[in-house]
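Working through the structure, step by step
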Amino acid sequence: MTTNQSVMTSLAQPYLEGLTQQVLRYQQCTACSRAQTFAHDACQFCGAEALVWHNSTGRGHVHAVTVVGRAPSDAFRALAPYTLVVVTLEEGARLMGHATPGVKIGDAVTAIFFKHLDQTLVRFEPIG
Ligand SMILES: [Zn+2]
């Protein structure tokens, strides 16, 4: 598998632009209609290259939770310890993001956005 950073960046561009507008975007395959998260040039399920971008509602359910005690880089050290989740969006795509501490697998969550340094990041918080 060959990847390079500039290709990955341009593939993710619609997603990254969405973040700055506080919208989560995902790709949907027009061949098999399944949804996936950003930065693929082909469908991860059927291999078709017929992918279109959609805006997500930002709502979904927690699929997995991790608490990060030691930040992987200086940029995240100020946030540690923090909670990361993998969320299955209503549209079916899975996405990793920050989360409100204490969220549990199966919780209904919605995405909010926050600025950290020069990045817009996603944080999922429980609904209701
Ligand atoms: Zn497909």
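This text goes with the structure placed above it.
This is a predicted model, so every value here is computed, not measured. (Residues numbered from 1 in each chain as written. Predicted model: local features only at pLDDT ≥ 70, side-chain atom pairs only at ≥ 80, totals over all residues. Heavy atoms only, no water.)

**Quick notes on the nonpolar core**
Rules: The term nonpolar core refers to a set of buried residues drawn from Ala, Val, Leu, Ile, Met, Phe, Trp, Tyr and Cys, joined through side-chain atoms within 4.5 Å. Only protein chains enter the accessibility calculation, which uses a 1.4 Å probe; a residue whose area is less than 20% of its type maximum is buried, one above 50% is exposed, and one in between is partly exposed. The way it works is that DSSP assigns letters per residue, a run of H or I at least four long becomes a helix, a run of E at least two long becomes a strand, and they are numbered from the N terminus. Contacts between residues were defined by any pair of non-hydrogen atoms, one from each residue, lying within 4.5 Å.
Formed by 18 residues in total, the largest nonpolar core has its most connected members in Leu24, Val85, Val122 and Phe124. Contributions of two or more residues to this core are made by α2 (13–20), β5 (82–89), β6 (94–99), β7 (108–116) and β8 (119–126). Excluding residues that lie within four positions of it along the chain, leucine 24 makes contacts with Tyr15, Leu19, His54, Asn55, Ser56, Gly58, Leu89, Leu95, Ala111, Phe113, Val122 and Phe124.

**Some points on the coordination of the zinc ion**
For the record, the criterion: Note that water is not among the atoms considered, so a metal site may appear incomplete; the donors listed are N, O and S atoms within 2.8 Å of the metal, with 3.2 Å applied to Na, K and Ca. Geometry is assigned from the angles between donors: four donors with all angles from 85 to 135 degrees make a tetrahedral site, four or six donors whose opposite pairs exceed 155 degrees while the rest stay between 65 and 115 make square planar or octahedral sites respectively, and everything else is labelled irregular.
Within the protein, Cys29 (SG), Cys32 (SG), Cys43 (SG) and Cys46 (SG) serve as the donor atoms for the zinc ion, at 2.2 to 2.3 Å. Relative to the metal, the four donor atoms surrounding the zinc ion lie at angles of 105 to 115 degrees, and the coordination shape comes out tetrahedral. The exposure class of cysteine 43 is buried, given its relative accessible area of 5%. Cysteine 46 sits in the partly exposed class, given a relative accessible area of 41%.

**Describing the sheet that holds β8**
Short version of the rule: In this analysis, strands are considered paired if DSSP registers two or more bridges between them. Each axis is a line fitted through C-alpha atoms, and for a helix only the stretch in contact is used; angles between axes span 0 to 180 degrees, taken between their N-to-C directions.
Strand order in the closed barrel formed by five strands is β4-β5-β6-β8-β7, with mixed pairing between adjacent strands. When the angles between neighbouring strand axes are averaged without regard to direction, this sheet yields 45 degrees. Bridge count for strand β4 (residues 59–68) against β7 is three bridges, and the pairing is antiparallel. Residue pairing for β7: glycine 60 is matched across the bridge by valine 109. Across the sheet, α2 touches β6, β7 and β8, and the angle it forms with β8 is around 70 degrees.

**Digging into the pattern of salt bridges**
Defined as follows: By salt bridge we mean one thing: a side-chain nitrogen of Lys or Arg within 4 Å of a carboxyl oxygen of Asp or Glu.
For the structure on display, the rule yields two salt bridges. Note that glutamate 90 and arginine 59 form a salt bridge whose closest N and O atoms lie 3.2 Å from each other. Of the two residues, glutamate 90 sits in the loop between β5 and β6 while arginine 59 sits in strand β4, which places them 31 residues apart along the sequence. Using a relative accessible area of 36% as the deciding quantity, one classes arginine 59 as partly exposed. Here arginine 77 makes a salt bridge to aspartate 74, at a shortest N to O gap of 2.5 Å. Taken together, the residues arginine 77 and aspartate 74, both in helix α3 (residues 74–77) and three residues apart, mark about one turn of the helix. By relative accessible area, which is 49% here, arginine 77 ends up partly exposed. Residue classification places aspartate 74 among the exposed positions, given a relative accessible area of 60%.

All we've got here are geometric facts, nothing functional implied.
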